[in-house]
Amino acid sequence: MQTQILSANKADTAATAAQIIKDGGLVAIPTETVYGLGADGLNEAAVAKIFAVKGRPQDNPLILHVAGAEEIEKFCHDIPASAYALADAFWPGPLTMVLPARDTVPKCTTAGLPTVAVRCPDCDVTRQIIRLAGVPIAAPSANISGKPSTTTAQHVLHDHDGKIELIVDGGPCRVGVESTIVDLTEERPRLLRPGGITPEQLIAVLGDLVVDKAVTAQIDKDAVVKAPGMKYKHYAPQSEVIIVAGSREKAAAYIHRHFQPGDRVLCFEEELPLYTNCNPLSYGKESDASTLSAGLFAALRKLDDPGISKVYARCPEGGGVAYAVQNRLKKAAGFRIINGEDEL
Ligand code: TXA
Ligand code: MG
C-alpha cells in the first residue's frame, strides 16, 4: 500500500480523508495534542486494523473523537452535568472524558469495558473529517505501541509508511503530549492521565479531583487499572532513560561524574551550556513548560537510537502542563529517578 500525505490546508483533504474512513481504511489525523491513527470507531473491522498496525494490546481501549459535545449522547448514557460543564469549558481541546458506553459502541473500541472515552479535538480539519465521515473516529496516538508518540506527519510516516492509506499533515502538534483523561463514571472525578488541561483547571470546574495511582507510580502489567494504557511501558527510546533530579548544579555534577561516551543528556535549553561535552539535546525551556510538552516526544524520538546507551534526563517540577511532562518522562524512564543532590 502507498501511504499518501496530504496537507490539512488543501481544499479537498478533509473529503478524501472522510471517504477513506467511511470505506473502513486508516487515516492518521492531526490534533492539537499528538497525531492519531484513525478509523471509523463504529466499524469493528476498521478498528481491528488500528490494533494490528499499531501492535496494540487488545485490552487497551481507544478514544472516540467527536465533532462536538452534542454528539456524546449517541455513544454515552447517564451523562453527568459535570461532563457538559467540562465540555463547555475545554472543548474543543485536550480533554478526554470517560463515560458509560451505549451499545452503539463496538466492544473492540472499548476493549470490552462498560465505559467509553470521548474527546473533541481542537483541530479544524479533523473535526471536519469527523463531520464529513458521519461517524466518530477511534484513534490512539499514531506511534507504534510503546514508542514515543507522534507529533509530526514525518513521525507517523516513519512508523507506518506503506501500512496506512493517508496521513493528513497539519504541521507539528501545538500541545505535544496526549490529552488529559478524566473518569466521570464514579462518585468522584478521577484523573487517569495528565495532559494539556491541567489538574488546576479541572478542579476549577469540578470542585474535586482524585488522582489515580497510575499517574504517579509504575503499575504492574497484571494489575487491574482504570486506564488500561497506563500500565504499559510507554514513550521509551531503546536506551535506558534515567531522570536526574535536583538543582541545576548538583544534577550537572552528577551527570558529569557518570557520563560515558555514547551516553546523551536530555535537558532544558537554559542548561545547554552546562553540558557542552556531553552531546546535550534540549527539549524546551524550563521557564515555559508548554515548550517542554511541545518538544518532548520529538526529542525522545531523536534519542531512539541503538547507538545510545544511556540518556540522563532533566525533568521539570511543579503543576500545570509541567505535571503532564513529568508523567511522560517518568514513564519513559520506567520511574528510574536519581537525586543528584544525594550523592557526594
Ligand atoms: O490526545 C490524545 O488523547 C490522543 C489523540 C490522538 O487524541 N490519543 C491518545 O490515545 O492518546 P491513546 O490510545 O494513545 O491513549 C488513550 C488512553 C489509553 O491509556 C487507554 O487505556 C485510555 O486512554 N482509555 C481509553 N478508553 C478508556 C476507558 N473507557 N476507560 C479508561 N481509560 C480509557
Ligand atoms: Mg498512546
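Structural data are supplied above this passage.
## Considering the overall build of the protein chain
Moving on, step 1. When helices and strands are counted, the protein chain shows 11 helices and 16 strands.
Moving on, step 2. On C-alpha atoms alone, the protein chain measures out to a radius of gyration of 20 Å, which is about the 20 Å that the 2.2 N^0.38 rule sets for 344 residues.
Moving on, step 3. Here the C-alpha coordinates of the protein chain stretch approximately 60 × 50 × 35 Å along the principal axes.
Moving on, step 4. Looking at the protein chain as a whole, 57% of its 344 residues qualify as buried.
Moving on, step 5. At a minimum sequence separation of 6, the contacts of the protein chain that also span at least 24 residues come to 67%.
Moving on, step 6. Total accessible area computed for the protein chain in this model is approximately 13800 Å², and 51% of it derives from carbon and sulfur atoms.
Moving on, step 7. Between the centroid of the 35 positive side chains of the protein chain and the centroid of its 41 negative side chains there is a distance of 3 Å.

## Focus on the site of ligand 1
Moving on, step 1. Inspection of the region around ligand 1 gives 28 residues, with Thr33, Asn60, His65, Ser179 and Gly229 positioned closest.
Moving on, step 2. Note that an oxygen atom of ligand 1 is positioned 2.6 Å from one of the side-chain N or O atoms of Asn60.
Moving on, step 3. A distance of 2.5 Å separates an oxygen atom of ligand 1 from a polar side-chain atom of Ser179.
Moving on, step 4. Surface burial for ligand 1 is 98%, taken as the share of its 680 Å² of free accessible area covered by protein chains.

## Observations regarding the nonpolar core
Moving on, step 1. Leu86, Trp91, Leu95, Met97, Leu99, Val118 and Leu202 are the most contacted members of the largest nonpolar core, which totals 47 residues.
Moving on, step 2. Of all the secondary-structure elements, those providing two or more residues to this core are strand E3 (36-40), helix H2 (44-54), helix H3 (72-75), helix H4 (81-90), strand E5 (95-100), strand E6 (115-119), helix H7 (153-160) and helix H8 (199-206).
Moving on, step 3. For this core, the element with the highest residue contribution is H2, accounting for 5 residues.
Moving on, step 4. Excluding its chain neighbours within four sequence positions, the residues that come into contact with Leu86 are Trp91, Leu95, Met97, Val182, Leu184, Leu202, Val205 and Leu206.
Moving on, step 5. With 25 residues, the next largest nonpolar core counts Ala299, Ala313, Cys315 and Leu329 among its residues.

## Observations regarding H8
Moving on, step 1. Within H8 the residues assigned to the buried category are Pro199, Leu202 and Leu206. Along the axis of H8, the buried residues cluster in a sector spanning 60 degrees; they form a single face.
Moving on, step 2. Buried positions along H8 lie against H4, E5, strand E9 (180-183), strand E10 (190-193) and helix H11 (321-332).

## A word on the environment of Gly195
Moving on, step 1. Within the secondary structure, Gly195 is located in the loop between E10 and H8.
Moving on, step 2. A sequence separation of 54 residues divides Gly195 from Glu249, and the C-alpha atoms of the two residues are 29 Å apart.
Moving on, step 3. With sequence-adjacent residues up to four places away left out, Gly195 is seen in contact with Val177, Glu178, Ser179, Thr180, Ala324 and Arg328.

## Notes on the sheet that holds strand E16 (residues 337-339)
Moving on, step 1. With parallel pairing, 5 strands are arranged side by side in an open sheet as E14-E13-E15-E12-E16. Two strands lie at the open edges of the sheet, namely strand E14 (280-282) and E16, each paired on one side alone. Across the sheet, the mean angle from the axis of one strand to that of its neighbour is 25 degrees, orientation sign disregarded.
Moving on, step 2. Contacting strand E12 (240-245), strand E13 (264-267), strand E15 (310-313) and E16, H11 crosses the sheet at an angle of about 135 degrees to E12.

## Quick word on the pairing of E9
Moving on, step 1. Neither face of E9 is open: one carries Thr180 and Val182, the other Ile181 and Asp183, and all of them are buried.
Moving on, step 2. With 3 bridges connecting them, E9 and E10 associate as antiparallel partners. Along E10, the bridge assignment pairs Asp183 with Arg190.

## Side note on the packing of helix H1 (residues 13-22) against helix H6 (residues 124-133)
Moving on, step 1. With their axes 8 Å apart at the nearest point, H1 and H6 run at an angle of 50 degrees to one another. Judged by the angle between their axes, H1 and H6 are oblique. Between H1 and H6 lies a crossing whose hand is right-handed. Residues Ala14, Ala15, Ala17, Ala18, Ile21 and Lys22 of H1 pack against Val125, Gln128, Ile129, Leu132 and Ala133 of H6.
Moving on, step 2. The residue makeup of the contact of H1 with H6, split by class, is 9 nonpolar, 1 polar and 1 charged.

## Some points on the pattern of salt bridges
Moving on, step 1. The tally for this structure, following the rule as stated, stands at 14 salt bridges.
Moving on, step 2. The closest approach of N and O atoms between Arg328 and Glu178, which form a salt bridge, is 2.8 Å. Linking Arg328 in helix H11 with Glu178 in the loop between strand E8 (166-169) and E9, this pair joins segments that are 150 residues apart in sequence.
Moving on, step 3. Residue classification places Arg328 among the buried residues on the basis of a relative accessible area of 0%.
Moving on, step 4. The class of Glu178 is buried, set by a relative accessible area of 4%.

## Here we look at the sheet that holds E3
Moving on, step 1. Across the sheet, which stays open at both edges, the 11 strands sit in the order E1-E8-E2-E3-E7-E4-E6-E5-E9-E10-E11 with mixed pairing between neighbours. If you trace the sheet from one side to the other, it starts and ends with strand E1 (4-7) and strand E11 (210-211), each paired once.

Cut-offs applied
- Residues numbered from 1 in each chain as written.
- Chains lettered and ligands numbered in written order.
- Predicted model: local features only at pLDDT ≥ 70, side-chain atom pairs only at ≥ 80, totals over all residues.
- Heavy atoms only, no water.
- Helix = DSSP H or I, 4+ residues; strand = E, 2+ residues; numbered from the N terminus.
- Rg over C-alpha atoms; globule rule 2.2 N^0.38 Å.
- Buried < 20%, exposed > 50% of the residue type's maximum accessible area, 1.4 Å probe, protein only.
- Contact = heavy atoms within 4.5 Å.
- Areas by Shrake-Rupley, 256 points an atom, 1.4 Å probe, with all protein chains shown as cover.
- Lys, Arg positive; Asp, Glu negative; His and termini not counted.
- Charge placed at Lys NZ, Arg CZ, Asp CG, Glu CD.
- Near = heavy atom within 4 Å.
- Polar contact = N/O pair within 3.5 Å; in protein donor to acceptor, adjacent residues only side chain to side chain.
- Core = buried A, V, L, I, M, F, W, Y, C linked by side-chain atoms within 4.5 Å.
- Arc of directions from axis to C-beta.
- Pairing = 2+ DSSP bridges.
- Axes fitted to C-alpha atoms, helices over the stretch in contact; angles between N-to-C directions.
- Parallel < 35°, antiparallel > 145°, perpendicular 65-115°, else oblique.
- Left-handed = near helix turned anticlockwise from the far one by under 90°.
- Nonpolar A, V, L, I, M, F, W, Y, C, P; charged D, E, K, R; others polar.
- Salt bridge = Lys/Arg side-chain N within 4 Å of Asp/Glu carboxyl O.

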